[in-house]
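Descriptive structure summary
Spelled out from the first residue to the last, the chains are:
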Amino acid sequence: LPVPMVLISPCPFVPTVLVSPPSPFAAAPISPVFPQHPPMSPRCPQAGVARCQREAEEVAELMRLNVARALEREGHLEQLQSRAQDLRQASEVFTRTTQTVTRRQHRRHQRWHLVALGLGLLLLFILGLALVLALARLSPGTVTSTVPTPQGGTKHPPRTAGTP
């Protein structure tokens, strides 16, 4: 057999409390579904209305606080967005600056490498020239001789007739 439910509602503004009748199989009595609201006495309905008004005012105050907090958060979010935009712009400037500095340092290193290479080639050239000169002086197989010229001057071969 189905068990009927009993509705208790002392005030139209207070939620309805459902209470089931005791079951023959249950060991303990069943408590109401909403135990935080004690049942109102039907003799004083104004007390229930006053309590409803107090709760409505509490809820309204909580909602005002929530709206104030939401507006405060919105202000903080706008500040954070502004800071994020500033940081983004600063990071772009920083990136461009670091790229410029990196290029300059790379060029400096290239210049120093070219200077070192030029000095090394110049040193090799000087050493090679010194070696060639040293070998030219010391080589015993090379004999230099001078051919004497006759004392009377240079004789030319006789001229043939008809040639100027």
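Residues numbered from 1 in each chain as written. Predicted model: local features only at pLDDT ≥ 70, side-chain atom pairs only at ≥ 80, totals over all residues. Heavy atoms only, no water.

Structural notes on the overall build of the protein chain
Broken down by element type, the protein chain carries 1 helix and 2 strands. For the protein chain, the α and β elements follow one another from N to C terminus as β-β-α. A total of 164 residues make up the protein chain; the buried ones form 5% of that total. Restricting the contact set of the protein chain to residue pairs at least 6 apart, pairs at least 24 apart contribute 21%. (Helix = DSSP H or I, 4+ residues; strand = E, 2+ residues; numbered from the N terminus. Buried < 20%, exposed > 50% of the residue type's maximum accessible area, 1.4 Å probe, protein only. Contact = heavy atoms within 4.5 Å.)

Let's talk about a positive patch on the surface
Positive charge collects at one region of the surface, where Arg103, Arg104, Arg107, Arg108 and Arg111 lie side by side. For Arg103, the position within the fold is in helix 1 (residues 45-138). In this structure Arg103 comes out as partly exposed when scored by relative accessible area, which is 45%. (Patch = residues over 30% accessible without salt bridge, like charges linked within 9 Å, V, L, I, M, F, W, Y side chains within 5 Å. Areas by Shrake-Rupley, 256 points an atom, 1.4 Å probe, with all protein chains shown as cover. Salt bridge = Lys/Arg side-chain N within 4 Å of Asp/Glu carboxyl O. Lys, Arg positive; Asp, Glu negative; His and termini not counted. Charge placed at Lys NZ, Arg CZ, Asp CG, Glu CD.)

Things to note about the UniProt feature "transmembrane region" (unreviewed entry) in the protein chain
What UniProt calls "transmembrane region" (unreviewed entry) maps, in this numbering, to residues 112-136. With 100% helix and 0% strand, residues 112-136 has end C-alpha atoms that lie 36 Å from one another. (UniProt positions renumbered as here; feature names shortened; annotations may be inferred.)

As for the pattern of salt bridges
Close approach of charged atoms allows side chains of opposite charge to pair. One pass over the full model with this rule turns up 2 salt bridges. Notably, a salt bridge pairs Arg51 with Glu55, separated by 3.7 Å at the nearest N-O pair. Here Arg51 pairs with Glu55, and both are found in helix 1, just 4 residues apart, close to one helical turn. Under the relative-accessibility criterion, Glu55 is labelled partly exposed at 32%. The closest approach of N and O atoms between Arg64 and Glu61, which form a salt bridge, is 2.8 Å. Pair noted here: Arg64 and Glu61 are both in helix 1, with a separation of 3 residues, about one helical turn. By relative accessible area, Arg64 is classed as exposed at 52%.

Brief notes about the confidence of the model for the protein chain
The pLDDT averaged across the protein chain works out to 76; a share of 58% of its residues lies at or above 70. Within the protein chain, helix 1 carries the highest mean pLDDT (92), whereas strand 1 (residues 6-8) carries the lowest (46). Below pLDDT 50 for its whole length, residues 1-9 participates in 17 contacts with residues either more than four positions away or in separate chains. Here residues 29-35 is a poorly scored stretch, pLDDT under 50, and it has 8 contacts once near neighbours within four places are set aside; other chains count. (pLDDT = per-residue confidence, 0-100.)

What to know about a nonpolar patch on the surface
The grouping of Trp112, Val115, Leu119, Leu122, Phe125, Ile126, Leu129 and Leu133 at the surface amounts to a nonpolar patch, some 880 Å² of accessible area in total. In this structure, Leu122 sits in helix 1.

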